[in-house]
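# Report on the structure
Listed below, chain by chain, are the residues.
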There are 2 protein chains.
Amino acid sequence: MKPIIYLATQNRHKIDEIKDLLGDLFDFRTVFDLGLAVEIPETGKTLTENSRQKAQYIAQNFGGITCLADDSGLEVEALRGAPGVYSARYAGEHKSDSANMAKLLEVLSGSDNRQARFVTILTLHHQGKFYVFEGEIQGHIEAEQRGSNGFGYDPIFVPEGLTKTFAELSLAEKNQIAHRARALQKFKKFVLDDQIFEGH
Amino acid sequence: MKPIIYLATQNRHKIDEIKDLLGDLFDFRTVFDLGLAVEIPETGKTLTENSRQKAQYIAQNFGGITCLADDSGLEVEALRGAPGVYSARYAGEHKSDSANMAKLLEVLSGSDNRQARFVTILTLHHQGKFYVFEGEIQGHIEAEQRGSNGFGYDPIFVPEGLTKTFAELSLAEKNQIAHRARALQKFKKFVLDDQIFEGH
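Quick look at the structure, then. None of the values given here were measured: they were computed from a predicted structure.

Reading the values: the criteria
- The residue numbers shown here count from 1 along each chain, following its written sequence.
- Numbering of ligands from 1 and lettering of chains from A proceed in the order in which they are written.
- Where totals are concerned, whole chains, interfaces and linings use all residues; where local detail is concerned, this predicted model gives features only for residues with pLDDT of at least 70, and gives and counts side-chain atom pairs only at 80 or more.
- Note that water and hydrogens are dropped before the side-chain values are worked out from all heavy atoms of the structure.
- Strand pairing follows a simple DSSP-based rule, namely that at least 2 bridges must link the two strands.
- Under the scheme used here, helices are H or I runs from DSSP no shorter than 4 residues and strands are E runs no shorter than 2 residues, and both carry numbers assigned from the N terminus.
- Lines are fitted to the C-alpha atoms to define the axes, a helix being fitted only along its stretch in contact, and any angle between axes, read from their N-to-C directions, falls within 0 to 180 degrees.
- Any two residues whose heavy atoms approach within 4.5 Å are treated as being in contact.
- By buried area we mean the combined loss of accessible area, with a 1.4 Å probe, across both parts when two parts are placed together.
- In what follows, salt bridge is the name for a side-chain nitrogen of Lys or Arg lying within 4 Å of a carboxyl oxygen of Asp or Glu.
- Definition of a polar contact: a pair of N or O atoms within 3.5 Å, with one able to donate and the other able to accept a hydrogen when the atoms are protein atoms, and with sequence-neighbouring residues admitted only if both atoms are side-chain atoms.
- For this classification, the nonpolar set comprises Ala, Val, Leu, Ile, Met, Phe, Trp, Tyr, Cys and Pro, the charged set comprises Asp, Glu, Lys and Arg, and every other residue, Gly included, is treated as polar.
- What sets the superposition is a least-squares fit of C-alpha atoms, and only residues with pLDDT of at least 70 in both copies go into it.
- Note on terminology: angles under 35 degrees are roughly parallel, angles over 145 are roughly antiparallel, angles of 65 to 115 are roughly perpendicular, and the others are oblique.
- Crossings are assigned a handedness: left-handed for a near helix turned anticlockwise from the far helix by less than a right angle, right-handed for a clockwise turn.
- Stacked, tilted and edge-to-face pairs are distinguished by plane angle, under 30 degrees for stacked and over 60 for edge-to-face with tilted covering the rest, among Phe, Tyr and Trp rings (Trp via its six-membered ring) whose centres lie within 6.5 Å.
- Working definition: with a 1.4 Å probe on protein chains only, accessible area under 20% of the residue-type maximum means buried, over 50% means exposed, and in between means partly exposed.
- One less than the residue count of a helix, multiplied by 1.5 Å, gives the span that helix is expected to have.
- This arc describes the spread of directions from the helix axis toward the C-beta atoms.

### Thoughts on the sheet that holds strand β5 (residues 129-141) of chain B
Residues and elements named next belong to chain B.
- With mixed pairing, six strands are arranged side by side in an open sheet as β2-β1-β3-β4-β5-β6. What marks the edges here is a single partner per strand, and that holds for β2 (27-30) and β6 (157-159). Within this sheet the neighbouring strands show an average axis-to-axis angle of 40 degrees, counted without direction.
- Pairing of β5 with β6, which is carried by three bridges, proceeds in the antiparallel orientation. If you follow Gly139 over to β6, its bridge partner there is Pro159.
- Contacts between helix α5 (residues 179-194) and the sheet are confined to β1 (4-7), β2, β3 (67-76), β4 (115-126) and β5, with β5 contributing the most and set at about 150 degrees to the helix.

### Some details on the interface of chain A and chain B
- Of the residues lining the interface, 17 residues belong to chain A; the matching set on chain B comes to 18 residues.
- Both faces combined, the contact of chain A with chain B buries some 1,500 Å², and carbon together with sulfur accounts for 53% of it.
- Applying the counting criterion to the chain A and chain B interface returns zero salt bridges.
- Counting every contact that joins chain A to chain B gives four residue pairs in polar contact (both at pLDDT 80 or more).
- Elements supplying a minimum of two residues to the side of chain A that touches chain B: β1 (4-7) and α2 (47-61) of chain A.
- Per-element tally for the side of chain A that touches chain B: the top contributor is α2 of chain A, with three residues.
- Tallied by class, residues from the side of chain A that touches chain B come to seven nonpolar, nine polar and one charged.

### Quick word on the relation of the copies chain A and chain B
- Of the two same-sequence chains, chain A is brought onto chain B (RMSD 0.0 Å, axial shift 0.0 Å) by a rotation of 180 degrees. This pairing of chains is accounted for by a two-fold axis.
- Looking at the interface residues of chain A, 100% of them are also at the interface in chain B, so both copies use one shared face.

### Let's talk about the packing of helix α1 (residues 12-22) of chain B against α5 of chain B
Residue and element names in this part refer to chain B.
- Where α1 contacts α5, the axes come no closer than 11 Å and their chain directions differ by 50 degrees. Taken together, the axes of α1 and α5 lie oblique to each other. Of the two elements, α1 crosses α5, and the hand of that crossing is right-handed. Contacts between α1 and α5 pair Lys14, Glu17, Ile18, Leu21 and Leu22 from the former with Arg180, Ala181, Leu184, Gln185, Phe187 and Lys188 from the latter.
- Residues of the contact of α1 with α5, tallied by class, amount to six nonpolar, one polar and four charged.

### Some details on the sheet that holds strand β5 (residues 129-141) of chain A
All names here are of chain A.
- The mixed open sheet is built from six strands, whose spatial order is β2-β1-β3-β4-β5-β6. In the strand order of this sheet, the two ends are held by β2 (27-30) and β6 (157-159), each with one partner. Averaged over all neighbouring strand pairs, the angle between strand axes comes to 40 degrees, with direction disregarded.
- Each of β1, β2 and β3 (67-76) is contacted by helix α1 (residues 12-22), which is oriented at about 170 degrees to β2, the strand it contacts most.
- Across the face of the sheet, helix α5 (residues 179-194) comes into contact with β1, β2, β3, β4 (115-126) and β5 while running at roughly 150 degrees to β5.

### What about the packing of aromatic side chains?
- The full count for this structure, using the stated rule, is 16 aromatic pairs over all chains.
- Here the aromatic rings of Phe26 of chain A and Phe187 of chain A are separated by 5.2 Å at their centres, their planes lie at 40 degrees, and the arrangement is tilted. Note that Phe26 of chain A is positioned in the loop between α1 and β2 and Phe187 of chain A in helix α5, a separation of 161 residues in sequence.
- With 5.7 Å between their ring centres and 80 degrees between their planes, Phe133 of chain B and Phe187 of chain B make a pair best called edge-to-face. Here Phe133 of chain B is found in strand β5, whereas its partner Phe187 of chain B is found in helix α5, with 54 residues between them in sequence. Each member of the pair, Phe133 of chain B together with Phe187 of chain B, is buried.

### With respect to helix α3 (residues 97-108) of chain B
Residue and element names in this part refer to chain B.
- If you check α3, its first and last C-alpha atoms are 16 Å apart, about what 12 residues at 1.5 Å a residue would give, namely 16 Å.
- Taken together, the buried positions of α3 are Asn100, Met101, Leu104, Leu105 and Leu108. One side of α3 holds all its buried residues, which, seen down the axis, span an arc of 130 degrees.
- Buried-residue contacts for α3 involve β3 and β5.
- Of the residues trailing α3, Gly110 is marked for its positive phi of about 90 degrees.

### Here we look at unusual backbone geometry
- For the peptide bond that leads from Ala82 of chain A to Pro83 of chain A, omega is -5 degrees, which places it in the cis range.
- Turning to its location among the elements, Pro83 of chain A is positioned in the loop between β3 and α3 (97-108).
- Look at Gln127 of chain A: it is not a glycine, yet its phi comes out positive at around 50 degrees.
- Within the fold, Gln127 of chain A resides in the loop between β4 and β5.
- Judged by relative accessible area, Gln127 of chain A falls into the partly exposed class, the value being 22%.
- Positive phi values are uncommon outside glycine, yet Gln195 of chain B reaches one of about 50 degrees.
- Within the fold, Gln195 of chain B resides in the segment after α5.

What is shown is where atoms sit, not what they do.
Next comes the structure, spelled out in structure tokens:
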């Protein structure tokens, strides 16, 4: 029987990426299965705070259930790490990926320094304890969007060593190298090595 | 925020009794909230085994969620403890309370020894650990059914010191003295004293 883990996210793209990478090893379920009717709060000032807050919220509201939360962000060097924890709402609450990208390209227009990195902080809650896993990937911001896969800033982010944007890669290709995948590999190694799901 | 506990039972009567007694202190939810579509297995040979099996099944199938299972039975002295763990299926699988009571009255007809007791074994699963609480009440089996409250063998069971059957008592009256209520009081005392839900 595969360990059952509820994903403390309402982002279908994140759910797809996680299932694609580790669905063979874990029985990932979602907060939709739990009937969650409100948005999971994320009011932290850092990715780490938000990630922890999401895992804690689901654990607290669903009887200490085992869950995995993800908070991810794009940190642009010329913007001293912005949009960072505000990546998903850079152009305002409930704005679209397009609006966020448009704002970023506008802010960066004329800037020579296009260096950026994607960061993911995963927080696993299991039996009252919290475990944190980080993944990152360096790259740069393109001048315009290319590709239609992925989500978020994928169409304008080119990972170091490649010429394609994340949105021009297949999910399988992105999951070889991306920030979330790297954090998930650490999560996987920890769970397999420490066997915290044994006897469950 | 009240501690959230999922009840590892599909018996609406048990759910009602538990909520009536401790609903002020705990946020009891049910396996129906989790979308459980099959019957929780109970293949143990004792109430204790069944109670543990039910808690373990829900914990295993729903990401280690905190849950409370109940297995209860009627033990008749002249029948050396029968129907006991088979109380709910004494007249056969999926038979009714009426069929079970009719069989018991038939088997006991002519018997002078009507002594019996109700027993409840609760098993709490929380963060990978299991805690057991027992409650019992002595009484006797009447010659015929009286009353329409409660469920199971309530219409033919008269608790020691009373003349009414359980089915002639209100839920509040039954919850002052009955086996399940006694086990629940031990559960409540343990949780409040040991504060295992603190920080959750």
